[in-house]
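Next come the chains, spelled out residue by residue.
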Amino acid sequence: MAYKHVRLPEDGQKITVENDQMNVPDNPILGYVEGDGIGPDITKACLRIWDAAVEKAYGGKRKIHWAELFMGEKAAKVYDGDYFPAETLEAIKDLWVAIKGPLTTPVGEGFRSLNVSLRQELDLYACVRPVRHYAGVPSPLKDPGKVDVVIFRENTEDVYCGIEYQSGTDENKKLAKFLKEEMKADFFDDAGLGIKPISEFGTKRLVRKAIQYAIDNGRESVTLVHKGNIMKFTEGAFRAWGYEVAREEFGHCTITEDQLYSEYNGRQPEGKIVIKDRIADIIFQLMLLRPDDFDVLATMNLNGDYLSDAAAAEVGGIGIAPGANMSDNIAVFEATHGTAPKYADKNKVNPGSLLFSGVNMLEYIGWQEAADLISLAYPEVLADKIVTYDFARNMEGATEVGTKEFADALIEQINGGIDLETKRKQRSEKLARERKQREIRRLLQPMEEMIASGRTPTSVSDVMTRSLITVTDDTSVHDAMHEMRKNEVSSLVVEPNDSGEWGIMTRRDIVTKIVREGKSPTDLTVGEIASRPVVTVTPETHLREAANVIAEKNISRLLVAGKDGEPMGITTETDIFGAIEQSGWLPEA
């Protein structure tokens, strides 16, 4: 199409999308918006860095052709007062990928926010916020290197969608009357009212994108973050729909956390991503205490807003936190901080947020080598203590430089010759070691690991003893007792008799059937005193249901059997007691 003020470089080619597959030429045209306040300073610096990385990585075989687009104060000058020109929206749709600096929201111009308006007009439903620590960046955490998560925040629903009614207005009174008289709701008079819509459609497209990201980037897990224990029909529904889309559309490459423990004994199968969920308030604690337990987080609008900024504070602050807003195919990357007008045109601020948003953009178009050059060169510059003012004040012996000079130092490091393959190998080996360590903890101490990672035991598989000691019917009771003492267990599983029935022999059987009767354990076999038939449950059985069975049958333990009927473990009343005692509560079935 013909543009009035947007100029597309003649030497570049547009990205195309066919059947939801993006085709990126070696000379793509990407859009950029300078932004307001400090926007021009950081954008100019970042364009130079991105171009240098692409040149170094591909030796001139690839090149980005930049097309300037206009929003905010600069757009108002170019488009006669229009801060949000339709031409910019059309250009972003045409180019598919763009990046922007921070924008000033005009006062009294009919926009709640330029950023919100952009998301709504282009249906950029997923706010994607990678949060990771770069060596050398000041952090309040003892070990910030454990933080490496990507947060997928739903952008279009929840209390942020703007369905609000001010106290005292006719609309508010009408809604309050309906809620109280028709729906029998109980709340204080003259309350401001807001609606919290969470839809199946909105939830599933967000979780779908999060899972696909995890698949494409070799991530370990996707965690659904919600407050469904309180808001059951909105945030609880988000959780349920999230699991549903994982099961129905990604069942070949995902397992639930329940399956991880019940079917795989804590050992994550190759090529499988674990889908789990955590309560929203708990995740804030866990991101401080055990951040390496989490990989990709998918959540709703309000939770995501809080969580992404809180997580960014762990790794250096929002000043270096990247972000993007995406639809199914359109992606707009952005600085996540404000315009900081008092620093405008002063060559002073840290370009980190926009810089790493550009790194994510390079990854998005498949130019991983260029992205890695920046990510790996950045810590080297910090190791030399060449930093902007915000880091300099927290770093002893730092050399404080301006925005342009920081870009110069980073470009020099990029061009200086980073051993990309060695660095990548080291990073990959470190990731593999950390994953193996987590797996070993799950294998050795499943209950402790489960609770420490924020998961409350809910099913038999979470608490059962998996190491079964089996004996046959013709084993002498004396020998069986020796096995029990040697292995420090209170029961043995007895292999099937001629009728195919499994059995259990317990310490109680020995006390009541041998000691009380005055018999000798050397004169009897296990088959003569074992309890049959055994009461079995599946590993998915909820702990409440297991407790009911134990109470109704007046027994102390249950045999846990898989789909094929083979025993997988034993769970006892002691196991259930321990789960409740350690976790503090037992959730609803």
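Structure shown above.
Fair warning: this is a prediction, and the values are worked out from it, not measured in the lab.

Some thoughts on a nonpolar patch on the surface
A cluster of nonpolar side chains, contributed by Ile440, Leu443 and Leu444, occupies part of the molecular surface with about 270 Å² of accessible area. Checked against the element boundaries, Leu444 lands in helix α15 (residues 420-444).

Describing the state of the cysteines
For the structure on display, the rule yields zero disulfides. Free cysteine Cys161: the closest other cysteine sulfur is in Cys127, separated by 16 Å.

Some remarks on the nonpolar core
Within the largest apolar cluster, 83 residues are counted, with the highest numbers of intra-cluster contacts made by Trp50, Trp66, Val222, Leu355, Ile374, Tyr378 and Leu410. Looking at which element gives the most residues to this core, the answer is helix α1 (residues 39-58), with 10 residues. With near-sequence residues (within four places) excluded, Val222 lies in contact with Ala210, Ile211, Ala214, Ile273, Val274, Ile275, Lys276, Val296 and Ala298. Counting residues in each nonpolar core, the second largest holds 20 residues, with Leu69, Ala75, Tyr79 and Leu118 among its members.

Here we look at the environment of Val332
The topology assignment puts Val332 in strand β15 (residues 331-335). Expressed as a C-alpha distance, the spacing of Val332 and Val463, which sit 131 residues apart in the sequence, is 46 Å. Sequence-distant contacts of Val332, defined by excluding residues within four places in its chain, comprise Ile92, Ala98, Lys100, Leu118, Leu122, Leu124, Ala324 and Asn325.

Here's the deal with the pairing of strand β23 (residues 567-572)
Taken across its six residues, β23 has five buried, putting it largely inside the fold. Where strand β22 (residues 557-561) meets β23, five bridges bridge the pair, whose relative direction is antiparallel. The residue of β23 that forms the bridge with Val560 is Gly569.

Looking at empty space enclosed by the protein
Enumeration according to the criterion identifies one cavity of 30 Å³ or more in this entry. Reported here for the largest cavity is a volume of approximately 40 Å³. Lining the largest cavity are Lys100, Asn115, Leu118, Arg119, Leu124, Asn325, Val332 and Glu334. The greatest single-element share of the lining of the largest cavity, amounting to three residues, is contributed by helix α4 (residues 114-122). Looking at side-chain class alone, the lining of the largest cavity contains three nonpolar, two polar and three charged residues.

Description of the sheet that holds strand β19 (residues 491-494)
Paired through their backbone hydrogen bonds, the strands of a sheet run either parallel or antiparallel. Strands sit in the order β18-β19-β20 across an open sheet of three strands; the sheet is mixed. The open sheet has two edge strands with one neighbour each: β18 (470-471) and β20 (503-506). With two bridges connecting them, β18 and β19 associate as parallel partners. In the sheet register, Thr470 faces β19, and the bridge partner there is Val493.

Here's the deal with the pattern of salt bridges
Side-chain pairs of opposite charge can arise whenever the charged atoms involved come near each other. Inspection of the entire model under this criterion finds 44 salt bridges. One salt bridge in this structure joins Lys177 and Glu181, with 2.9 Å as the shortest N-O distance. On the criterion of helical spacing, the pair formed by Lys177 and Glu181 is a turn pair, its members being four residues apart in helix α5 (residues 170-181). Judged by its relative accessible area of 42%, Glu181 is partly exposed. The partner of Glu400 in a salt bridge is Lys348, and the shortest N-O contact between them spans 3.8 Å. Placement of Glu400 in strand β17 (residues 399-400) and of Lys348 in the loop between β15 and α11 (352-364) is noted, with a sequence separation of 52 residues between them. Classification of Glu400 as partly exposed rests on a relative accessible area of 49%. What makes Lys348 partly exposed here is its relative accessible area of 26%.

Describing the packing of aromatic side chains
Applying the stated criterion to the full structure yields 11 aromatic pairs. Centroid distance Tyr32 to Trp66: 6.2 Å. Interplanar angle 85°. Geometry classified as edge-to-face. Here the residue Tyr32 occupies a position in strand β3 (residues 29-33), and Trp66 occupies one in strand β4 (residues 65-69), the gap between them amounting to 34 residues. Summarising the burial analysis for this pair, Tyr32 and Trp66 share the class buried. Ring centres of Tyr58 and Trp367 lie 5.6 Å apart, and the angle between their planes is 70°; this geometry places the pair in the edge-to-face category. In this pair, Tyr58 is assigned in helix α1 and Trp367 in the loop between α11 and α12 (368-383), connecting sequence segments 309 residues apart. The exposure class assigned to Tyr58 is buried, which follows from its relative accessible area of 12%.

What to know about the packing of α12 against α15
The contact between α12 and α15 brings their axes to 11 Å, and the two run at 80°. It follows from the interaxial angle that α12 and α15 lie roughly perpendicular. Contact with α12, carried on its side by Gln368, Glu369, Asp372, Leu373, Leu376 and Glu380, involves Leu420, Lys423, Arg424 and Arg427 of α15 and no other residues of that element. A per-class count over the contact of α12 with α15 returns three nonpolar, one polar and six charged.

So, the pairing of β20
Neither face of β20 is exposed, since Gly503 and Met505 on one face and Ile504 and Thr506 on the opposite face are all buried. In terms of strand pairing, β19 meets β20 through four bridges, oriented antiparallel. Within β20, the position partnered with Leu492 by the bridge is Met505.

Some words on the sheet that holds β22
Strands sit in the order β21-β22-β23 across an open sheet of three strands; the sheet is mixed. Only two strands of the sheet have a single partner each, and these edge strands are β21 (536-537) and β23.

Concerning the packing of α12 against helix α14 (residues 403-415)
Two elements in contact, α12 and α14, have axes separated by 9 Å at closest approach and are oriented at 115°. α12 and α14 meet at a crossing whose hand is right-handed. Taking contact as the criterion, the partners of Leu373, Ile374, Ala377, Tyr378, Glu380, Val381 and Leu382 in α12 are, on α14, Phe406, Ala409, Leu410, Gln413 and Ile414. The residue makeup of the contact of α12 with α14, split by class, is 10 nonpolar, one polar and one charged.

What to know about helix α21 (residues 543-553)
Those residues of α21 that sit buried are Leu543, Ala546, Val549 and Ile550. Considered in projection along α21, the buried side chains sweep an arc of 120° and stay on one side of the axis. Facing away from the buried side of α21, by more than 90 degrees, are the exposed residues Ala551 and Glu552.

Reading guide: rules and limits
Residues numbered from 1 in each chain as written. Predicted model: local features only at pLDDT ≥ 70, side-chain atom pairs only at ≥ 80, totals over all residues. Heavy atoms only, no water. Patch = residues over 30% accessible without salt bridge, like charges linked within 9 Å, V, L, I, M, F, W, Y side chains within 5 Å. Areas by Shrake-Rupley, 256 points an atom, 1.4 Å probe, with all protein chains shown as cover. Salt bridge = Lys/Arg side-chain N within 4 Å of Asp/Glu carboxyl O. Helix = DSSP H or I, 4+ residues; strand = E, 2+ residues; numbered from the N terminus. Disulfide = S-S within 2.5 Å. Core = buried A, V, L, I, M, F, W, Y, C linked by side-chain atoms within 4.5 Å. Buried < 20%, exposed > 50% of the residue type's maximum accessible area, 1.4 Å probe, protein only. Contact = heavy atoms within 4.5 Å. Pairing = 2+ DSSP bridges. 1 Å grid on protein atoms, 1.4 Å probe; cavity = no way out; pocket = protein on both sides within 12 Å on 5 of 7 lines; lining within 4 Å. Points joined across faces, edges and corners; volume = space filled by probe spheres on them. Nonpolar A, V, L, I, M, F, W, Y, C, P; charged D, E, K, R; others polar. Phe/Tyr/Trp six-rings, centres within 6.5 Å; stacked < 30°, edge-to-face > 60°. Axes fitted to C-alpha atoms, helices over the stretch in contact; angles between N-to-C directions. Parallel < 35°, antiparallel > 145°, perpendicular 65-115°, else oblique. Left-handed = near helix turned anticlockwise from the far one by under 90°. Arc of directions from axis to C-beta.

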